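Residues per chain are reported as follows:
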Amino acid sequence: MNARAALFDLYGDHLRTRGGRASVAALVRLLAPLGIAAPAVRTAISRMVRQGWLDPVRLPQGPGYAVTPKCERRLDDAAARVYRGGDTPWDGRWHVLVLEPVRDRARRERLRSDLAFLGYAPLSETTWIGPRPSPELDALRIPGHRFDAAYEGDARNLLARAWDLDAVGRAYEDWLTSAAGLIGSLPEGAPDDRVFAVRSELVHGWRNFLFRDPGLPADLLPPGWPGEKARAFFDQEAARLLPAAAAFVDRNLAAT
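Chains are numbered independently. Their residues run from 1 in the order of the written sequence. In keeping with the model being predicted, local features are shown solely for residues with a pLDDT of at least 70 and side-chain atom pairs are shown and tallied solely at 80 or more, while totals for entire chains, interfaces and linings include all residues. Each side-chain value is derived from all of the structure's non-hydrogen atoms; neither hydrogens nor water enter the calculation.

Caption draft 1: Layout of the pairing of strand 3 (residues 62-67). Most of strand 3 is tucked away: five of the six residues are buried. In this analysis, strands are considered paired if DSSP registers two or more bridges between them. Secondary structure is summarised from DSSP: a helix means a run of H or I of at least four residues, a strand means a run of E of at least two, and numbering begins at the N terminus for each. With three bridges connecting them, strand 1 (residues 21-23) and strand 3 associate as antiparallel partners. By the bridge assignment, R21 is partnered in strand 3 with A66. By the bridge criterion, six bridges tie strand 2 (residues 54-59) to strand 3 in an arrangement that is antiparallel. Paired with L54 across the strands is V67, a residue of strand 3. Once strand 2 ends, the chain turns through two residues before running back antiparallel as strand 3. For each residue, the accessible area found with a 1.4 Å probe, counting protein chains only, is set against the maximum for its type, and the residue is called buried under 20%, exposed over 50%, and partly exposed in between.

Caption draft 2: Region of the structure containing the pairing of strand 4 (residues 94-99). Of all the six residues making up strand 4, five are buried; the element is thus mostly covered by neighbouring parts of the structure. When strand 4 meets strand 7 (residues 144-149), the two strands line up antiparallel, connected through six bridges. By the bridge assignment, H95 is partnered in strand 7 with D148.

Caption draft 3: The arrangement of the sheet that holds strand 3 in detail. Across the sheet, which stays open at both edges, the three strands sit in the order 1-3-2 with antiparallel pairing between neighbours. The sheet is open, and its two edges are formed by strand 1 and strand 2, each paired on a single side. The sheet shows a mean angle of 30 degrees between the axes of neighbouring strands, taken without regard to direction. Under this scheme, a helix contributes an axis fitted over its contacting stretch, all axes are lines through C-alpha atoms, and angles between N-to-C directions fall in the 0 to 180 degree range.

Caption draft 4: Broad picture of the packing of aromatic side chains. We call Phe, Tyr and Trp rings a pair once their centres come within 6.5 Å, taking the six-membered ring for Trp, and we label the pair stacked below 30 degrees between planes, edge-to-face above 60, and tilted otherwise. Under the criterion given, the structure shown has 15 aromatic pairs. Measuring from centroid to centroid gives 5.0 Å for W90 and W94, while their planes differ by 65 degrees, and the two rings are edge-to-face. Assessed through its relative accessible area of 24%, W90 is described here as partly exposed. By relative accessible area, W94 is classed as buried at 2%. A ring pair is formed by W206 and F209, whose centres lie 5.4 Å apart and whose planes are at 50 degrees; its orientation type is tilted. Put simply, the rings of Y83, Y172, W175, W206, F209, W225, F233 and F234 pair up and form one aromatic cluster.

Pasting the structure below:
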């Protein structure tokens, strides 16, 4: 987990509901249990400011950083998907994006990464589909046209064409094995900084599925879909570890 990703996780998982701001000293203390050193934290903060995710603020505890409206939208959308708690309702229609060609390679790759994170998958270089529209599309100003459409054919075939279900299923199984080992490494009565670190790793690994699975319609998935078991494990363990992790966050936010 690099410092920038850890900061996004920290703001999204803890700080967004606590006013979305923290002092630099608190951010350094909060990422220390993850093995992230102070210089890396400060470098990541500077990068996130340049990219429009954070704004500098003055807090009683000293200089700090608060989320921007752009960051709030990203964190709220991600949280709704991370903690969606089971099957996401699907109305049987697809959100279709027909993009204008992007010649610049770097911009094209950023666009592909953004669309994957928002829950879309490509049918071709310029046509992407998702099971529901993303609220972040307007903020990204993606060039092209949007359609709400019904598919005249077997929706399972369309799903399998856009998403590699075998690969996604294996990723869920691998994550579940790794996550079970991570939770098993946490001794009973562990200090709250250790609980915070383990829970942070758990959430970070699960959050990576935002790039793979946008909440694929349950009716279209194969029987025994491993994502269901992985989801149940994540929900249970994230909730179980939250009180101790939250206590660690609150203590470090209040410290001077």
